[in-house]
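# Results of the structural survey
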Amino acid sequence: MIIWDLVVVGAGPAGLSAAREAAAAGVRTLVLDRAVHPRYKTCGGGLIGTSLSVVAGRIEVPAHDRVDRVTFTRDGRRAFTRRHGTPLVTMVRREEFDDRLRAAAVSAGAEVRGGAAVRALDQDPDGVRVRLADGATVAARAVIGADGSAGVTARHVGVRYGQVDLGLERELPVSPAQAARWRGRLLLDWGPFPGSYGWVFPKGDRLTVGVIGARGEGDRTRAYLRDLLDRLGLAGVPAEHDSGHLTRCRVDDAPLRHGRVLVAGDAAGLLEPWTREGISYALRSGTLAGAAVAAGDLDRYPRDVHEHLVPSMRAGRRLLTVFARRPQLCHAFLATPAGWALFVRFCQGRLSFDRTLDRPPVRAALTLLDLLPARGGRPLPGSGR
């Protein structure tokens, strides 16, 4: 049996970033995924500056739009639009973006096998045996799991999640007139129940329309999507894809490693808790995991994640609590020059949430908001109630 230096389970942004990083350093790397690229993936597909900086020099980003205008609404009301002189978010279709990442990993020396579903992992002191659905076994000295929060590797490592949300999304092919209406502009709508929000992302002749809310609020989340589509005049457009998924965000002390198995991206519960943005966390954590394997220091990976990613996640969790309690204040703040400037810097990757919360005026404002009661005793996001 061939013993690989590294087997990566999952061929999304986290897994392929890990594979490229390790293979480029001379690590014999195999990537396994149950799907075959290119494949559709439920995702808004908006790349902020942080994501673009990670993939710069690795791939040519297959952009279908570059957004420089943002319309904000509060449950369909109080709309305002802001514009920036340069693009803020780059829109991609995940089947194309992920396939570019696959090609970059292969160019670096990794082998990628599609149609290979992983069923279990078995560890011993010498390595890991990866058991596939077809009965085959692959041996590795180390494994990086990037097969999602409901995947085999997350269960093997014992990742625990403290926030679970339901996202619903439709990919809509639209007319040239509708495409022109949205070109260069995205919509963010702060939703009707705590922590919820909706979006419209333009992608050429498609629109991605979605909403997200806490698990346990399924009926309200579905009603919110119907209402959003209706008021935008898109309710009658047949969907090319109509899908949903759960996003899971780790608790602070959840493990990132068990023996020779590391987890990255969604499998590790690494995403921004407020916006639920996960692509930048997948790209960065995958790169960190691949680098740790290449260095022969698996202990390095949890340290790197806690240094580079966890502080912003903690700040995002703090902001989500504020947003859930007082969404109208968040909406009003974004209408101010200071609020818009912070939004722009976040989209450009020039400002993280933890650095934002370190500013004395922001700390003072959050302390004041903590003294205000929550709205109506409704459940907060991720509570599952």
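Residues numbered from 1 in each chain as written. Predicted model: local features only at pLDDT ≥ 70, side-chain atom pairs only at ≥ 80, totals over all residues. Heavy atoms only, no water.

Attention now moves to the packing of aromatic side chains. This model, assessed by the stated rule, comprises 13 aromatic pairs. A centroid spacing of 5.6 Å and a plane angle of 15° characterise the contact between Trp340 and Phe343, whose relative ring orientation is stacked. With Trp340 and Phe343 both in helix 11 (residues 337-347) and 3 residues apart, the pair spans about one turn of that helix. Clustering of aromatic rings is evident, with ring pairs tying together Phe72, Phe80, Trp190, Tyr197, Trp199, Phe201, Trp274, Phe323, Trp340, Phe343, Phe346 and Phe353. A cation over an aromatic ring shows up here: Arg185 above the ring of Trp182, its NZ or CZ 4.2 Å from the ring centre. Arg284 extends its terminal NZ or CZ atom over the ring of Tyr281, reaching a point 4.5 Å from the ring centre. (Phe/Tyr/Trp six-rings, centres within 6.5 Å; stacked < 30°, edge-to-face > 60°. Helix = DSSP H or I, 4+ residues; strand = E, 2+ residues; numbered from the N terminus. Lys NZ or Arg CZ within 6 Å of the ring centre and 35° of its normal.)

With that settled, consider helix 3 (residues 94-108). End to end, helix 3 covers 21 Å across 15 residues, agreeing with the expected 21 Å (1.5 Å per residue, within 8%). Within helix 3, the full set of buried residues consists of Arg94, Glu95, Phe97, Asp98, Leu101, Ala104 and Ala105. Looking at the buried positions of helix 3, the neighbouring elements they touch are helix 1 (13-24), strand 3 (46-47), helix 2 (49-55), strand 7 (89-92), strand 15 (206-214) and helix 7 (279-295). (Expected span 1.5 Å × (residues − 1). Buried < 20%, exposed > 50% of the residue type's maximum accessible area, 1.4 Å probe, protein only. Contact = heavy atoms within 4.5 Å.)

With that settled, the discussion passes to the pattern of salt bridges. For the structure on display, the rule yields 28 salt bridges. Ionic pairing is found between Asp242 and Arg170, a salt bridge with its closest N-O pair at 3.4 Å. Residue Asp242 is found in strand 16 (residues 241-250), and its partner Arg170 is found in strand 12 (residues 161-173); the two are separated by 72 residues along the sequence. With a relative accessible area of 53%, Asp242 lands in the exposed category. (Salt bridge = Lys/Arg side-chain N within 4 Å of Asp/Glu carboxyl O.)

Going through the model one piece at a time under the given rule, you end up with 0 disulfides. Cys43 carries a free sulfur, and the closest cysteine sulfur to it, the one in Cys347, is 15 Å from it. Here Cys249 stays unpaired: no disulfide links it, and the sulfur of Cys43, its closest cysteine neighbor, is 16 Å away. Classification of Cys249 as buried rests on a relative accessible area of 2%. (Disulfide = S-S within 2.5 Å.)

Moving on: the packing of helix 1 against helix 7. Orientation of helix 1 relative to helix 7, taken along the N-to-C sense of each, is 35°, at an axis distance of 7 Å. Seen along the crossing, helix 1 lies across helix 7 with a hand that is right-handed. Residues Pro13, Ala14, Ser17, Ala18, Glu21 and Ala22 of helix 1 form the contact with helix 7, whose participating residues are Ala282, Leu283, Gly286, Thr287, Gly290, Ala291 and Ala294. Residues of the contact of helix 1 with helix 7, tallied by class, amount to 8 nonpolar, 4 polar and 1 charged. (Axes fitted to C-alpha atoms, helices over the stretch in contact; angles between N-to-C directions. Left-handed = near helix turned anticlockwise from the far one by under 90°. Nonpolar A, V, L, I, M, F, W, Y, C, P; charged D, E, K, R; others polar.)

Spatial ordering of the open sheet is given by 3-7-4, a layout of 3 strands whose pairing is antiparallel. Because the sheet does not close on itself, it has two edges, and the strands there are strand 3 and strand 4 (63-67). Here 4 bridges tie strand 4 to strand 7, and the two strands are oriented antiparallel to one another. Bridging from a neighbouring strand, Asp65 pairs with Met91 of strand 7. (Pairing = 2+ DSSP bridges.)

In this structure, Val7, Phe97, Val130, Val143, Ile144 and Tyr301 are the most contacted members of the largest nonpolar core, which totals 69 residues. Ranked by residue count, the leading element in this core is helix 7, at 8 residues. Once residues within four sequence positions are removed from consideration, Tyr301 is found in contact with Leu256, Leu262, Val263, Ala264, Leu270, Ser285, Leu288, Ala289 and Ala292. Phe201, Leu320, Phe343 and Cys347 belong to the second-largest nonpolar core, a separate cluster that totals 31 residues. (Core = buried A, V, L, I, M, F, W, Y, C linked by side-chain atoms within 4.5 Å.)

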